[in-house]
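# Structure assessment
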Amino acid sequence: MTLFLLAYLGGVLTIVSPCILPVLPFVFARAGQPFLRSGLPMLVGMAASFAGIATLAAVGGSWAVEANQYGRLIAIGLLALFGLALLFPSLSDWATRPLVALGGRLSEQAEQGKGAVGASLLLGVATGLLWAPCAGPVLGLILTGAALQGANAGTSLLLLSYAAGAATSLALALLVGGRVFSAMKRSLGAGEWLRRGMGVAVLVAVAAIALGLDTGFLTRVSLASTATLEQGLIDRLRPETEAPGQSPVAMQAAPAMTGANPAMMAANPAMTGGNAMMMQGKPAQASDELPVEGTMPTLAGAVEWLNSPPLTAEQLQGKVVLIDFWTYSCINCLRTIPYIRAWAEKYKDQGLVVIGVHTPEFAFEKAIGNVKKAVNDLQIGYPVAIDNDFAIWRAFKNRYWPAHYFIDAQGRVRHHQFGEGDYDASERVIQTLLAEAGQKGAPTELVTVKAMGAEAASDLGNVRSPETYLGYERAENFVSPGGIVQDKRQAYALGQPRLNEWGLSGNWTIGAEHAALDDKDGSIAFRFHARDLHLVLGPGADGKPVRFRVTIDGAPPGGDHGMDSDADGQGIVNEQRLYQLIRQKGEVGDRLFEIRFLDPGVQAYAFTFG
């Protein structure tokens, strides 16, 4: 119940957010009409269509996103025609195009009270398709939960609660606005001019939405104005996190990467400062203090298993089990894999079974061929469940990459580790659980890992740059003049990045998940502070390799090049994965990184640091 109250209050707060401005003309166009037959149906239609579309976007896929884009175009056209009908009510049916006549009939019916409920409901549905509320902390948590918990009534009701909160505040504004509107008509006789003025306002709002101002400039302004209020609500109402296998995990801001769905519009505030929580993990427990956290959830739902036939919890009774949630382009996951491999090899004869659960963050990580190649390249020999539908993720109520669950021989979860680090304590947990299972003679010494390349441990003391996404749904600190233009080809200039800011040059199309280069000779610049710089990249849809050249402070990296670039900064993008481009050997400071692509088509997803 607390979550529904939080969602509702978050929606109410949208009335003080500039992001609501493009919607207000559509709402106030009903100000002079009876509220129950005009304003209320419109707000109901708006709330219902927003909740439906947001649910599809969160749990659907690219098809849902594309369908919503077409729906937005239709809604823009419908509301533009509605605005024209308000502005030019004298247009007759025979002199206008059929769609303009439709807009005129909708407006006329609403004015006369004939079919006003249906007409207002339809306009409300169109408004809901266009409404892009700012992804502040509250809506970010709701959408994260919707993506991770999957399609169910609860997630849809949470989104509907948020929309209902927004509709409530708009209804109050509409009731007040209606009285003002009526008073002006009586005292000034200005009804016709008010009608035309409202028509102009509707057309201006349609133009703002068509140009993307509702999800660009107004979003940035709105986050500054409401984020503090929303975070305060979260801090006051946040439920406690539940243990695996018990009651549902609360949808709350996570200290690690949460969710892999492009519908998550809110950038995670905990991803700043070099992901310190992810790297350090949770404090270790003493080996003799391993409480029962729950029973082992099901492993059903994987789309395919690698290195093993499908395994079940029942088959694993009597074994000590380590479940590792990972995804192959996640730098934090890559840095834990050397330890997972070493434990799997060292303790396999003593009864330890390691299972990797590959749950994708980006769409390309759902390609089974890509996962198979990554498993082979990383020399992973233990079983891997490909969890493309997040079935196992949801069964464990997991929220993090990487996440490790330690399960005893009786099928009980006894320990968990979220994020990197605490490897010695984790290995001691394995040894303790093996001893409890009656395994005698298990090694007591700890593994020694010498990882190379991207798998090497982070230089945590020097990481002052956060993971940064290049797709517009989670992008932050973008400084190219004019800002991000969503889903459209645009010529960008780099701008002047300060620490942890980035920009583009050349012709790019910035999508929800990645930025794609449309022509050759485009670049990305990022001013960072870390020993290592990585970038998740992939070739274009045609799969053709893309050549690149990187520089640091305008010069080739020399000895500071990474595993995927040479001393001259040259390299090739030929597959979808994480590329290590910089590993500095000397003193670490603020540096300007730039990567220039000599061929078109590259897709850039996210920067990570170490």
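Keep in mind it's a predicted model, so treat the numbers as computed, not measured.

## Focus on the pattern of salt bridges
When their charged atoms lie close together, side chains carrying opposite charge are able to pair. Scanning the entire structure with this criterion turns up 21 salt bridges. Notably, a salt bridge pairs Lys-373 with Asp-377, separated by 2.7 Å at the nearest N-O pair. Of this pair, Lys-373 and Asp-377 both sit in helix H13 (residues 368-377), 4 residues apart, which is roughly one turn of the helix. Judged by its relative accessible area of 39%, Lys-373 is partly exposed. In this structure, the salt-bridge partner of Lys-373 is Glu-575, at a minimum N-O distance of 3.1 Å. Of this pair, Lys-373 sits in helix H13 while Glu-575 sits in the loop between strand E15 (570-573) and strand E16 (577-583); the two residues are 202 residues apart in sequence, bridging distant segments of the chain.

## Considering the sheet that holds strand E3 (residues 320-326)
Pairing is mixed across the open sheet formed by 7 strands, whose spatial order is E1-E7-E6-E3-E4-E5-E2. Only two strands of the sheet have a single neighbouring strand rather than two, namely strand E1 (294-295) and strand E2 (304-306). Across 2 bridges, the pairing between E1 and strand E7 (residues 412-418) is antiparallel. The partner of Thr-295 across the bridge, within E7, is Arg-412. Sitting on the sheet, helix H12 (residues 331-347) is in contact with E3, strand E4 (352-358) and strand E6 (403-407), with an inclination near 160° to E3. Relative to the sheet, H13 contacts E2, E3, E4 and strand E5 (384-386), its axis offset from that of E2 by approximately 15°.

## A few points about the packing of H12 against helix H15 (residues 423-436)
Axis separation between H12 and H15 bottoms out at 12 Å; the angle between their running directions is 25°. Between H12 and H15, the angle is such that the two are roughly parallel. Every pair of crossing elements has a handedness; the one defined by H12 and H15 is right-handed. Two secondary-structure elements touch here, H12 through Arg-335, Thr-336, Tyr-339, Trp-343, Lys-346 and Tyr-347 and H15 through Tyr-423, Ser-426, Glu-427, Ile-430, Gln-431 and Leu-434. When the residues that make up the contact of H12 with H15 are grouped by side-chain class, the tally is 6 nonpolar, 3 polar and 3 charged.

## Looking at H12
Between its terminal C-alpha atoms H12 stretches 25 Å, which fits the 24 Å expected from 17 residues at 1.5 Å a residue. Across the 17 residues that make up H12, a large majority, 13, are buried.

## Quick word on the side chain of Thr-336
Examined against the element boundaries, Thr-336 turns out to sit in helix H12. Once residues lying within four places of it in the same chain are set aside, the contact partners of Thr-336 are Pro-402, His-404, Glu-420 and Tyr-423.

## Here we look at H15
Relative to the 20 Å expected for 14 residues at 1.5 Å per residue, H15 spans 20 Å between its end C-alpha atoms, a close match to the ideal helical length. A large share of H15 lies buried, amounting to 10 of its 14 residues. For H15, the secondary structure elements touched by its buried residues are E3, H12, E4, E6 and E7. Within two residues after H15, Gly-438 carries a phi angle of roughly 90°, on the positive side.

## Considering the nonpolar core
Ile-323, Trp-343 and Ile-355 are the most contacted members of the largest nonpolar core, which has 64 residues in total. Of the residues forming this core, the biggest block, 9 residues, is contributed by H12. Discounting residues that sit within four places of it in the chain, Ile-323 has contacts with Met-296, Leu-299, Ile-355, Val-357, Phe-396, Ala-403, His-404, Tyr-405 and Ile-407. Listed in part, the 35 residues of the second largest apolar core include Leu-517, Phe-526, Val-550 and Val-602.

## Topic: the packing of aromatic side chains
Applying the stated criterion to the full structure yields 23 aromatic pairs. An angle of 75° between the planes, with centres 6.2 Å apart, marks the rings of Trp-508 and Phe-597 as edge-to-face. Of this pair, Trp-508 sits in strand E10 (residues 502-510) while Phe-597 sits in strand E17 (residues 591-597), and the two are 89 residues apart along the sequence. One exposure class covers both Trp-508 and Phe-597, and it is buried. Centroid distance Phe-526 to Phe-607: 4.8 Å. Interplanar angle 50°. Geometry classified as tilted. Of the two residues, Phe-526 sits in strand E12 (residues 522-528) while Phe-607 sits in strand E18 (residues 603-609), which places them 81 residues apart along the sequence. Here Phe-526 matches Phe-607 in class, with each residue buried. Pairwise contacts between aromatic rings join Phe-325, Phe-390, Trp-393, Phe-396, Tyr-400, Trp-401, Tyr-405 and Phe-418 into one cluster. Across from the ring centre of Tyr-469, 3.9 Å away, lies the NZ or CZ of Arg-474, which sits over that ring. Its guanidinium or amino end placed over the ring of Tyr-579, Arg-577 lies 3.9 Å from that ring's centre, counting from NZ or CZ.

## So, the environment of Asp-553
By the secondary structure assignment, Asp-553 is in the loop between strand E14 (546-552) and E15. According to the relative accessible area criterion, Asp-553 is partly exposed, its value standing at 43%. Along the chain, Asp-553 and Leu-592 lie 39 residues apart, while their C-alpha atoms are 4.9 Å from each other. Not counting chain neighbours up to four residues away, the residues in contact with Asp-553 comprise Arg-591 and Leu-592. Of note is the side chain of Asp-553, whose polar atom sits 2.7 Å from the side chain of Arg-591.

## A word on the side chain of Arg-583
The residue Arg-583 is located in strand E16 in this model. Arg-583 sits in the buried class, given a relative accessible area of 16%. At a separation of 3.3 Å, a polar atom in the side chain of Arg-583 contacts the main-chain carbonyl oxygen of Gly-453. A distance of 2.7 Å separates a polar atom in the side chain of Arg-583 from a polar atom in the side chain of Asp-532. What Arg-583 contacts, discounting residues up to four positions off in sequence, is Gly-453, Ala-456, Arg-531, Asp-532, Gly-559, Asp-560, His-561 and Gly-562.

## As for a nonpolar patch on the surface
Judged by side-chain polarity, Leu-36, Leu-40, Val-44, Leu-121 and Val-125 come together as a nonpolar surface patch covering roughly 400 Å² of accessible area. Going through the elements one at a time, helix H3 (35-59) and helix H6 (116-130) are the ones with two or more residues in the nonpolar patch. The element best represented in the nonpolar patch is H3, accounting for 3 residues. Its place among the elements puts Leu-36 in helix H3.

What counts and what doesn't
Residues numbered from 1 in each chain as written. Predicted model: local features only at pLDDT ≥ 70, side-chain atom pairs only at ≥ 80, totals over all residues. Heavy atoms only, no water. Salt bridge = Lys/Arg side-chain N within 4 Å of Asp/Glu carboxyl O. Helix = DSSP H or I, 4+ residues; strand = E, 2+ residues; numbered from the N terminus. Buried < 20%, exposed > 50% of the residue type's maximum accessible area, 1.4 Å probe, protein only. Pairing = 2+ DSSP bridges. Contact = heavy atoms within 4.5 Å. Axes fitted to C-alpha atoms, helices over the stretch in contact; angles between N-to-C directions. Parallel < 35°, antiparallel > 145°, perpendicular 65-115°, else oblique. Left-handed = near helix turned anticlockwise from the far one by under 90°. Nonpolar A, V, L, I, M, F, W, Y, C, P; charged D, E, K, R; others polar. Expected span 1.5 Å × (residues − 1). Core = buried A, V, L, I, M, F, W, Y, C linked by side-chain atoms within 4.5 Å. Phe/Tyr/Trp six-rings, centres within 6.5 Å; stacked < 30°, edge-to-face > 60°. Lys NZ or Arg CZ within 6 Å of the ring centre and 35° of its normal. Polar contact = N/O pair within 3.5 Å; in protein donor to acceptor, adjacent residues only side chain to side chain. Patch = residues over 30% accessible without salt bridge, like charges linked within 9 Å, V, L, I, M, F, W, Y side chains within 5 Å. Areas by Shrake-Rupley, 256 points an atom, 1.4 Å probe, with all protein chains shown as cover.

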